[in-house]
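Structural description and commentary
Spelled out, the chains give:
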Amino acid sequence: MCFTEEIKLDVANQTFADIEARKKAEEQQVEAERREKEAKEELERIQCGAEEERQRAQALQEEANRAAEKAREETERVKMEMAEANERAMRAQAEAEAAATSAREDAEKLVQQAAAERERARQAEEEARRVEAAAREEAQRVLQAAEEERQRAKLAQTEAEKAMAAAAEEAQRALAAKEEAESRLKKGIRPVVTPSLDELERAKERIQYREGFFHFAVTGVAGSGKSSLVNAFRGLRNRDAGAAATGVTETTLETAMYPDPSPNHQLLWFDIPGAGTLKVPDWQYFNEHGLYVFDCIIVLFDARFTLTDIAILSNARRFNIPAYIVRSKTDQNIRNIMRDMGYISDDDEDDDPGRRNRFYKAARKQYIEETRKSIKANLENANLPDEQVYLVSNDTMLSCVTTQKPPKKVIDEIELLTDIYTQVVSRRSLHKHDALSSMVIPSMVSATSFASMLS
């Protein structure tokens, strides 16, 4: 009876131990699942940022280490309990072994889970390091890009400042050009407009331009003696047949062409209508008469050097056309100065030659000096380079062209003829260049007078 009761008691004790072992194993599994859940939650928080991820990963590592340590401690405790349970269940070895096996399996699972958790923590830490390195590289790239952008902005600012300075200079030049244009307009000087090819052709057609010929234009204000000078250049007196019309009033209303009397000379003289009249306003003079098609321009004036003359010279310089400043009526002007000096004889032949020569030389010197000084000042005021002014008398010019003996009262007539026709030879390339150079100058100045005057 007592033996049976003892067996029942042992069986009851074994069942209770097994239940206790299973309960503890279940609690350990729940604890492990809880820790796993906490580890997962901790891992999710790692993804918030590079630096925070690294810190959280470190914390998670520490937590995993603690969990592993705790798991090891718990395993040891479980093992001890299992050993104790094994001792208590020696009498129920089958159930005890089964319980021990179950406990070992559960413990192994916990160990595996802990190892897996540690591996996940290590991977998370490595990922955090990679994220941190990528963040540093991105920050470096951003800093470098910012520096490059700053350099580009600085360069752009420099370029903008240069552009602003250039624009300011251009605006200043434009303003100066505008003021200059307005000033020139107020003075009656029309702005030069480069003619088109069609305008050039029309101007040539209007003056009957001839290829192979040298075209002279004699210009100036009305009454300056243009027609008489054209006649003198051609070796004609004003009353001769074929001479240009002359008079006190402006007789040239349209551009007139006069060929050289010798058909062998390819020279054409043009008597241009006088400027400053109601028919031809001075500010239209150069362009309206198509002076840009001529090979040479003679700017003729008598008493005053006008804005019209300045405009002609400026435009001739722009179009690269040789221009000569000529003051006409030199004999009359010198005679007027002699009268101002006190020489009042009406008949040069009846007067004392010595007295007359003294007055003439003094008046001639004064006339030359005053004229050249005045022209130089006018050219400087117009921002034009200094040029020679030729002082001529139409009668003296005619004598230079037509007679063998040089006139007595020559000033610049021979020099003007020489310079003009030297220009003809150098500027035009005719087929018979040598023939032209040999026949042009002797036709205008006789061989004897030309040689003597050059000497």
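Up top is the structure.
Below is a short write-up of the structure.

Rules used in this analysis
Residues numbered from 1 in each chain as written. Predicted model: local features only at pLDDT ≥ 70, side-chain atom pairs only at ≥ 80, totals over all residues. Heavy atoms only, no water. Helix = DSSP H or I, 4+ residues; strand = E, 2+ residues; numbered from the N terminus. Buried < 20%, exposed > 50% of the residue type's maximum accessible area, 1.4 Å probe, protein only. Contact = heavy atoms within 4.5 Å. Areas by Shrake-Rupley, 256 points an atom, 1.4 Å probe, with all protein chains shown as cover. Salt bridge = Lys/Arg side-chain N within 4 Å of Asp/Glu carboxyl O. Pairing = 2+ DSSP bridges. Phe/Tyr/Trp six-rings, centres within 6.5 Å; stacked < 30°, edge-to-face > 60°. Lys NZ or Arg CZ within 6 Å of the ring centre and 35° of its normal.

1. Overview of the overall build of the protein
Of regular secondary structure, the protein possesses 13 helices and six strands. Within the protein, the fraction of its 455 residues that count as buried is 37%. When contacts within the protein are restricted to residue pairs at least 6 apart in sequence, long-range pairs at least 24 apart make up 69% of them. About 27500 Å² of surface is accessible on the protein, with carbon and sulfur atoms providing 51% of the total.

2. A look at the pattern of salt bridges
One pass over the full model with this rule turns up 23 salt bridges. The partner of Glu-126 in a salt bridge is Arg-122, and the shortest N-O contact between them spans 2.4 Å. On the criterion of helical spacing, the pair formed by Glu-126 and Arg-122 is a turn pair, its members being four residues apart in helix H3 (residues 93-186). Judged by its relative accessible area of 31%, Glu-126 is partly exposed. Assessed through its relative accessible area of 34%, Arg-122 is described here as partly exposed. As a salt-bridge pair, Glu-132 and Arg-136 come within 3.1 Å of each other at their nearest N and O atoms. Here Glu-132 pairs with Arg-136, and both are found in helix H3, just four residues apart, close to one helical turn.

3. Details of the environment of Val-389
You can see Val-389 is positioned in strand E6 (residues 389-391). Val-389 gets classed as buried once you look at its relative accessible area, which sits at 2%. For the pair formed by Val-389 and Lys-376, sequence separation is 13 residues and the distance between their alpha carbons is 9.0 Å. The contacts of Val-389, once residues within four sequence positions are left out, are Phe-301, Ile-325, Arg-327, Thr-371, Arg-372, Ile-375 and Asp-412.

4. A word on the pairing of strand E1 (residues 214-220)
Among the seven residues in E1, seven count as buried, and that is most of the element. Taking every second residue as pointing to the same face, both faces of E1 are buried, with Phe-214, Phe-216, Val-218 and Gly-220 on one and His-215, Ala-217 and Thr-219 on the other. Both E1 and strand E3 (residues 267-271) contribute to a ladder of five bridges, which runs parallel. Its bridge partner lying in E3, His-215 is registered against Leu-268. For E1 and strand E4 (residues 296-301), the ladder comprises five bridges, and the chain directions are parallel. Paired with Ala-217 across the bridge in E4 is Ile-297.

5. Considerations on the packing of aromatic side chains
For the structure on display, the rule yields nine aromatic pairs. Judged by centre distance (4.7 Å) and plane angle (10°), the rings of Phe-233 and Trp-269 are stacked. Placement of the pair is Phe-233 in helix H5 (residues 226-233) and Trp-269 in strand E3, with a sequence separation of 36 residues. Judged by relative accessible area, Phe-233 falls into the buried class, the value being 0%. Looking at Trp-269, the relative accessible area reads 0%, which means it is buried. Here the aromatic rings of Tyr-292 and Phe-319 are separated by 5.7 Å at their centres, their planes lie at 35°, and the arrangement is tilted. Highlighted residues: Tyr-292 in the loop between helix H6 (285-288) and E4 and Phe-319 in the loop between helix H7 (307-318) and strand E5 (323-327), separated in sequence by 27 residues. Owing to a relative accessible area of 13%, Tyr-292 belongs among the buried residues under this scheme. Here a set of aromatic residues connected by ring pairs shows up, and it is made of Phe-214, Phe-216, Phe-233 and Trp-269. The ring of Phe-213 carries the charged tip of Arg-210 above its face, separated from the ring centre by 5.6 Å.

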